[in-house]
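Each chain, letter by letter, is given below.
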Amino acid sequence: FFSPCTMFPGLQTQLPWGDSEVPAGELLLVTHAATEVDGRFLLHHFLTQGLKVGGHAVLCAFHHTLMHYSSVQKKLDVPLETMSERLHFIDCVTGADEGFLYEPATAPLAALSQRIVRQLEAAGPSDAALVLVDDLTTVCSLAPLQEVLAFVWGLHALAKERGVCVLILMGNDVPEEAHLVNMLRHISVAHFDVTALASGYSRDVTGLASVAIRNPVTLQRDVKQLQYKVLDSTVRFGLRGSIPQ
Amino acid sequence: WRMFSLLSKLQRCPLTFICDDVETAQCTTIVLQHIASQAQGCCFLSFEQHCEWFAQFHPLEVIDMKEAFLQGCGELPHTCTTLVNMVRLRLEEYSTVTLVIHSASALISLFGLVAFRTFISSIANLSSVHNVVCVLHHDVHEEQVLASLYQLSSALVTFQSCSSKLQPRTEGSVLQACTPKPPLLPDVPYDVSCVTLVRRQLQRGGKADAPAQGPDPAAHGLGATSKRTYADRSVGRLLSFTEYFQLVHKDDRLCLEPIDWKKASQASSTGTRKAADLAGVAAGSLAHDIIASQSHGTVPFNLQLTEEERKAKDSVVLPYTKEVAPSKGVIYVDPDEFDDDLDDDLDI
């Protein structure tokens, strides 16, 4: 009924799970040097994949409003309006449309966690439930570290116990958050690190995407280096040293 | 080998930390398999992995601690006392188990260091817990936290990847003792370095006493004050061993293969000689092709040698063809005065 996701085929071929599924019960980490490059295109990839295979998605947006995500999805030719009944958008920027605005006393992160759980329970059982957090660096600037850690471990428990796929986007250029990034790398099954080209601007390549997949049994990591090129309506991937096709 | 010898005698250590980082997490898996195979019974507290992941160690019990945090939905609904009660209820049917916490980093990041120490002391005092092993991610905590935890443990195994950058440590500190020493042969490749740190314990009558039930980890930790009841300067001394391993696949399992430095040095010298021979053969083949093409009139320049030139060429001795005198180096082993028995160091 639902066609497999072929949004970024050059990336999907590098991942161990198939086109028609998201890794249930696992945590995915996307990091980027926020001041140099934007890795949010990966968030759109997994969001589209999760919705196209018939699952539900809860998007906690601390960085952009719904209009931004809708316009990007339109450019990628996968409009959100066609899947709006399965997307639960929580506006954490303006708090509009029953969104969420963090307040230490009245609206802590624990309340957001409870809301995510209620949204998923109301959506019903699904093999492809997805929770996305964009982005954790903004959350760290709002809430104290201890509260953020409790929030992250709550999401981790949600993934393991309820079979939900959790994707967290985070900047890796804040020294004070280096330990938090390392902790997320320990508990995530896949880590996508998006960086800019060290050599500067290139017409054919926008940046580098390091994909580290962890073996679920031995915990050994397999790292692949990919190059990507952002186009108007898609993102092309290729092995490092080759022009993305 | 020191690390595996320690793991075989882990029942004598009240509290052991297995420390890894993101690059060496697979080493912890291998170590846990070894611990589970040696222990009389192994129970796991699961904070990070699926409970099914622990099935590979054939445990007695896997206590899932994640559900407690899910019920709180991001809060910290349970104090450490509640968690200790959860563990006590699950373990009361067993007489003596090795309790493995995977991972201590999760506990510390959620409850803090003081609460973790309280938790460990309470757990160690449970009647059914014989000894505790904690998995710790040393790239997740501040230096002060690591130093405090290392002082608490009675044995420490730290893994670092060959690509890890070593942080400068304070001279004489426990963290500095955990820094791997440089390898004997820098050119020999390795995957992982391992530092094993133990404290030499007091022996009575030449035999180690069985540890009392529910020992206080702080009294036997690496930071405990040494008791010099006997005139033995080695008591309480920190013993540190650095080893190097390669990760290999054997029988569909990932294993830590220790590097044999003797074989590695022989292979290094043989490889150097083979490389020189191959270079000579390649140069000779190229000269032959050039002369052959010249004899057919296809090359416009002269490469032919006169008789005098050939004699002079044959009399030249190239550097790599010189015979190397056999090495007369001799290695003298001068054990320390208190180190007569090599295995005595591991008597915990």
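Structural data are supplied above this passage.
I will try to describe carefully the structure that is included in this document. Just so we're clear, the structure is a prediction, and the values are computed from it rather than from any experiment.

The rules behind each value
- Residues numbered from 1 in each chain as written.
- Chains lettered and ligands numbered in written order.
- Predicted model: local features only at pLDDT ≥ 70, side-chain atom pairs only at ≥ 80, totals over all residues.
- Heavy atoms only, no water.
- Pairing = 2+ DSSP bridges.
- Helix = DSSP H or I, 4+ residues; strand = E, 2+ residues; numbered from the N terminus.
- Axes fitted to C-alpha atoms, helices over the stretch in contact; angles between N-to-C directions.
- Contact = heavy atoms within 4.5 Å.
- Core = buried A, V, L, I, M, F, W, Y, C linked by side-chain atoms within 4.5 Å.
- Buried < 20%, exposed > 50% of the residue type's maximum accessible area, 1.4 Å probe, protein only.
- Salt bridge = Lys/Arg side-chain N within 4 Å of Asp/Glu carboxyl O.
- Parallel < 35°, antiparallel > 145°, perpendicular 65-115°, else oblique.
- Left-handed = near helix turned anticlockwise from the far one by under 90°.
- Nonpolar A, V, L, I, M, F, W, Y, C, P; charged D, E, K, R; others polar.

### Comments concerning the sheet that holds strand S3 (residues 87-91) of chain A
Residues and elements named next belong to chain A.
Then step 1. In spatial order, the strands read S3-S2-S4-S5-S1-S6-S7-S8-S9; together these nine strands make up an open sheet with mixed pairing. Two strands close off the open sheet at either side, each with one partner strand: S3 and strand S9 (235-239). For this sheet the average axis-to-axis angle between neighbouring strands, irrespective of direction, equals 20°.
Then step 2. Where strand S2 (residues 57-61) meets strand S4 (residues 130-134), five bridges bridge the pair, whose relative direction is parallel. In the strand pairing of S4, Leu59 is matched with Leu132.
Then step 3. Contacting strand S1 (27-32), S4 and strand S5 (165-171), helix H6 (residues 145-162) runs over the sheet at an angle of about 160° to S4.

### Let's talk about the nonpolar core
Then step 1. In terms of nonpolar packing, the biggest core is built from 84 residues, with A:Ile116, A:Leu136, A:Leu184, B:Phe17 and B:Phe119 touching the most fellow members.
Then step 2. The biggest single contributor to this core is H6(A), with nine residues.
Then step 3. The residues contacting A:Leu184, other than those within four sequence positions of it, are A:Leu27, A:Leu29, A:Leu136, A:Val152, A:Ile168 and A:Met170.
Then step 4. Counting residues in each nonpolar core, the second largest holds 41 residues, with A:Trp17, A:Phe41, A:Met83 and A:Ala128 among its members.

### Considering the pattern of salt bridges
Residues and elements named next belong to chain A.
Then step 1. With the rule as written, the count across this model stands at eleven salt bridges over all chains.
Then step 2. Across the salt bridge formed by Glu121 and Arg162, the nearest N and O atoms sit 3.4 Å from each other. Residue Glu121 is located in helix H4 (residues 109-123), and its partner Arg162 is located in helix H6; the two are separated by 41 residues in the primary sequence.
Then step 3. Residue classification places Glu121 among the exposed residues on the basis of a relative accessible area of 51%.
Then step 4. A salt bridge links Asp204 to Arg203, with the shortest nitrogen-to-oxygen separation between them at 3.6 Å.
Then step 5. A residue is classified by how much of its surface remains accessible, and Arg203, at 63% relative accessible area, is exposed.
Then step 6. Here the salt bridges share partners, and the residues they tie into one network are Asp38, Arg40, Asp134 and Asp135.

### Considerations on the packing of helix H4 (residues 80-91) of chain B against helix H6 (residues 113-124) of chain B
Residues and elements named next belong to chain B.
Then step 1. Viewed as axis vectors pointing N to C, H4 and H6 meet at an angle of 25°, and their least axial separation amounts to 10 Å. With respect to H6, the element H4 is oriented roughly parallel. The hand of the H4/H6 crossing is right-handed. Contacts between H4 and H6 involve Cys80, Leu83, Val84 and Val87 from the first element and Ala115, Phe119, Ser122 and Ile123 from the second.
Then step 2. Here the residues of the contact of H4 with H6 sort into seven nonpolar, one polar and no charged.

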